[in-house]
Structures are given as structure tokens and as C-alpha cells.
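Inside the fold
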Amino acid sequence: MNQSTSLVEGSAGKRLISFSAPIILANLIQAIYGIVDMVVVGQYIGSAGMSAVSMGAQITTVVLVLANGLSNGGTVLSAQLFGKGEHKALPTLVGTLLSFFALAAVVLTALLMLLARPLLSAINTPEVAFEQAVAYFLICMAGTLFVYCYNGLSAILRGVGNSTAPMVIVIITVILNAALDLLLVAVIPMGVVGAALATVFSQFTSLLLTALYIKKKTQLFDFRPGSWRINKDFLKLIIKIGLPQSIQFFFATSSFVLLSGIVNLYGVNPSAAAGAAAKIQSLAHLPAQGVMAGIISLSAQNLAAGKPKRVMQGLGTGLVFAGLLSLIVCLLCIFFPAQAYRIFTPDEAVIAAGIDYLKVMSVSFILEGLMFCLFGVITGSGYTPVTMCCGILSAFVVRYASAWVLCNIFSMGFLGVAVSYSIGPLPSIAICLIFILSGKWKTPRVQVR
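Residues numbered from 1 in each chain as written. Predicted model: local features only at pLDDT ≥ 70, side-chain atom pairs only at ≥ 80, totals over all residues. Heavy atoms only, no water.

What follows is about the nonpolar core. Ranked by internal contacts, the top residues of the largest apolar core, which has 105 residues, are Leu-93, Leu-120, Tyr-136, Tyr-148 and Leu-220. When residues in this core are grouped by element, the largest group, 15 residues, is from helix α2 (residues 47-84). Ignoring anything within four residues of it in the chain, the contact list for Tyr-148 reads Val-63, Leu-64, Leu-66, Ala-67, Phe-101, Ala-104, Ala-105 and Leu-108. Listed in part, the 29 residues of the second largest apolar core include Ile-262, Val-263, Phe-365 and Phe-414. (Core = buried A, V, L, I, M, F, W, Y, C linked by side-chain atoms within 4.5 Å. Buried < 20%, exposed > 50% of the residue type's maximum accessible area, 1.4 Å probe, protein only. Helix = DSSP H or I, 4+ residues; strand = E, 2+ residues; numbered from the N terminus. Contact = heavy atoms within 4.5 Å.)

Written out as C-alpha cells, the structure reads:
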């Protein structure tokens, strides 16, 4: 396996950091897909365009994270196979994951295109931004197939210890996305339609480059028509690990959409400000999410090899590393909120509406960073129903419920939403710590035979 890395030898902490660093960088660059859209639209179209991109992207993200959860099932299984030295079974796993994702993407795309207007109405999309949001959403949904298949291939690469190739591919495609954004919005004034087209074409390019890399540089998959088959045993295992995560991610991102619905009631400037803050939040999450991805692979490989102590060593390093990076982003947002907003828009009304919101919301960056690292161990050991329950608890029972109470009963305005973000991760952290201290994770819930 070219450029694959074993995570069962050497210093667990050093291996985790060296493996996670390319993932963090790739995630950072990938997040720029959405941020570039927001920046270009904010600079050249204004607050209505920012709100449209924010609302369209929120619902699109709900669809895309379903693949992220199932992809983690592919990561865990490929890591187990790699840790056991059973490389010959990997192409069957890849074919199963890709075939399933392709079918799911086609069905979801058709369904959600039909529901575009009702969904955007349900989250109180401002009237001035509604038609632009519909156009942005419909075009972005056309790229679902590309995103699903790309996530599946990247998940397999992470499982076998290859985090460098996805990073290089993402760097190439984000440069392409930025260039197309400027061309189709600033030079050719296509508005949010141009931003959406740039994103979809970049998603297609990332899938194409990843597929070419896997075919030419690895033995993971040959992409011949006969290889696109679903193995029932692998599919059951993927679903057993990944479905709880998909449910978790669905509820988490759905809560973001519902919270946006609350914010939208306060007008287009708060809506635009909250949209920009969400982009900043996505950046703040990247270090911890990259470390989480590394911990998932490290945990799965080492548990398959019978080395649970290395998992705890990696977790300790990950908590410190992710916590420090999240703290830095939090402090920057507290002390320089206006400067952060000016990256997205020159509109002083939007900036003024969002300063206190961003300061309060940024506290959540640290807590969520720690939570993601704990999720990594639990996911890598296959106990994804635990993380699913934590995600639903934090997203709805705590985050959304507290936002509704703070905004409607305590009359905090949309600042109440920012407070709800900050307290949301606390119950999940407590539950994860109790589960990890119990030691149950040392025996994987799902194992390939």
C-alpha cells in the first residue's frame, strides 16, 4: 500500500500528530470551500447574498454529513483490516462503500431538490434572500454524488494510514474553487449561482483526482464496472458502525439549521452575522476534527493489534494539541471579533450585530475540541451508539432547548443562541469520560472476521 502508515508502532503521540497534521490542513483547506463563497459573496453581493449562501449551505450540510458518519464506518473497518494485515479484502470494502454511497446520493439528491422551497421556508430564510438561497441550494445538491464518493475514498485512505494524498488533492481543488469564485461572481456577475457552480465543479475535481490517485498509486480499487458490487457482510458492518454516527451528525447539523431559524427571526443582519460566525466556528473545529480522525484510525488499528495502551497515549496527546489550538482561535475571536467579521463583509451593520454573538459563541470552540477527541476513541472502538446519544443530547436537549428558552423566555435576543452553543458540549464530555474510564472500549464492538 503506497504511502500507507502503520499506527501500531513507534511513539503513539508522535504518530498521531504526524498523521493528523495533514488531515487538519486538508480540513482547513476544504472548509475554505464554503468560506470563499461567503467572502466573495459578502464583498460583491452583500448581506442578502451572505444570508442566502448561509441558509443554502446549512441544509446542504445536513445532507452531506450523513456520508461522513458512514465514512467513519469505512475508516474503522479499513483500519482493522490494515492492522491485521488483511490487505486483500480492502478492494471489496471499497467497492461496497462506493456503490452504497452512489445509490444513496442519487436518491437524496432527487428528494431534496423537490423539497428545497419548503425546507428553506421552514427555517425562516429572510424574504430578501429566499430566491438566491433556493438557487444556491439546488446547484449545490447536484454535487452530492461527488461529495459522497470522495468522502468514501478519503475515509479508506485514512484507515490505511494515508493522510497526505487527500491533503494535496484538497489544496489543488480549493485553489481552483477560489479562482472560479472570483471569475463567476466578481468578473462574470453570476451572483450566488456562480459561487455554487464553483463549489460543485471543485467537488467533482476532488473526486476525480482522488480516484486517479487510488487507481494508479495503490491496490485499493481498480474502478472497473465489475468491482462496483455490494458485499452484504461489509455493508452490515459499515452500517452498524456508521449509521449511529450519521444519525448523530444529522441531529447535530439539524440543530444548527433550527438555531438559524431562530436567528433569522431577528432580521437579515443578524442572519448574515450568524452565518459568518458559523464559518469561523467551522474553522475552529478543524484541529480537533483532524485529531479525532487520527484517533479513530489509531484506535482501530491498535485495538485490532491488541494494543489498547497506545490508544490512551494518543488520546492524551490529542487532548493537549487540540485543546491548545482551539484556545488560540477562541482568544482571537474574543479580542478581535470585528476583524474576524471584516474577512467576510465590509457591512458595519452586520459586524455590529455579530460582535457579542461571536465572543460568547467562541467559548464553545474549546469544549467541542475536547469532545471531538473523546469521540475519536469511542468511534475507533466501534461504540458509535454512545457518540450518537451524546450528539443528540447536546444538539437538541441542551443546545436547541436552551436557545429557545434564552431567546423567548429570558429575552436575550439572538445572543441566547450563542450561549446555547457554549453550554451544549458539557453533557457529552461527561458521558464520554465516564465511558472511557469504564474501559469497555478496549474490546471493539464491531470487528472484521
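What follows picks up the thread again.
Packing of helix α14 (residues 363-380) against helix α15 (residues 384-408) leaves a shortest axis separation of 8 Å and a crossing angle of 155 degrees. With respect to each other, α14 and α15 are oriented roughly antiparallel. Our pair here, α14 against α15, has a crossing hand that is left-handed. Along its contact with α14, which presents Glu-368, Phe-375, Ile-378 and Thr-379, the element α15 presents Thr-384, Val-386, Thr-387, Cys-390 and Arg-399. The class makeup of the residues in the contact of α14 with α15 is four nonpolar, three polar and two charged. (Axes fitted to C-alpha atoms, helices over the stretch in contact; angles between N-to-C directions. Parallel < 35°, antiparallel > 145°, perpendicular 65-115°, else oblique. Left-handed = near helix turned anticlockwise from the far one by under 90°. Nonpolar A, V, L, I, M, F, W, Y, C, P; charged D, E, K, R; others polar.)

Once that is clear, we can look at helix α13 (residues 348-361). Every α-helix carries 3.6 residues per turn, so stepping three or four residues along brings you back to the same face. The end-to-end C-alpha distance of α13 is 20 Å, a good match for the 20 Å that 14 residues give at a rise of 1.5 Å each. The largest bend in α13 is about 40 degrees, located at Gly-354. Those residues of α13 lying buried are Val-350, Ile-351, Gly-354, Tyr-357, Leu-358 and Met-361. Sitting at the head of α13, Asp-347 places a side-chain oxygen 2.9 Å from the backbone nitrogen of Ala-349. (Expected span 1.5 Å × (residues − 1). Bend = angle between axes of the 7 residues up to and from the residue. Polar contact = N/O pair within 3.5 Å; in protein donor to acceptor, adjacent residues only side chain to side chain.)

Secondary-structure assignment places Leu-367 in helix α14. In sequence terms Leu-367 and Gly-323 are 44 residues apart; their C-alpha atoms lie 8.2 Å from each other. Those residues in contact with Leu-367 that sit more than four places away from it in its chain are Ser-422, Pro-425, Leu-426 and Ile-429.

Turning next to the environment of Phe-321. Considering the arrangement of structural elements, one finds Phe-321 in helix α11 (residues 308-335). Sequence separation of Phe-321 and Leu-258 is 63 residues, and the distance between their C-alpha atoms is 32 Å. Those residues within four positions of Phe-321 in sequence are excluded, and the remaining contacts are Ile-17, Ile-24 and Val-291.

One pass over the full model with this rule turns up eleven aromatic pairs. Between Phe-201 and Phe-204, the aromatic rings sit 6.4 Å apart at their centres with planes inclined by 45 degrees, giving tilted as the arrangement. You can see Phe-201 and its partner Phe-204 sitting in helix α8 (residues 192-217), three residues apart, about one turn around the helix. Overall, Phe-204 belongs to the partly exposed group, its relative accessible area being 35%. Here the aromatic rings of Phe-223 and Trp-228 are separated by 6.5 Å at their centres, their planes lie at 55 degrees, and the arrangement is tilted. (Phe/Tyr/Trp six-rings, centres within 6.5 Å; stacked < 30°, edge-to-face > 60°.)

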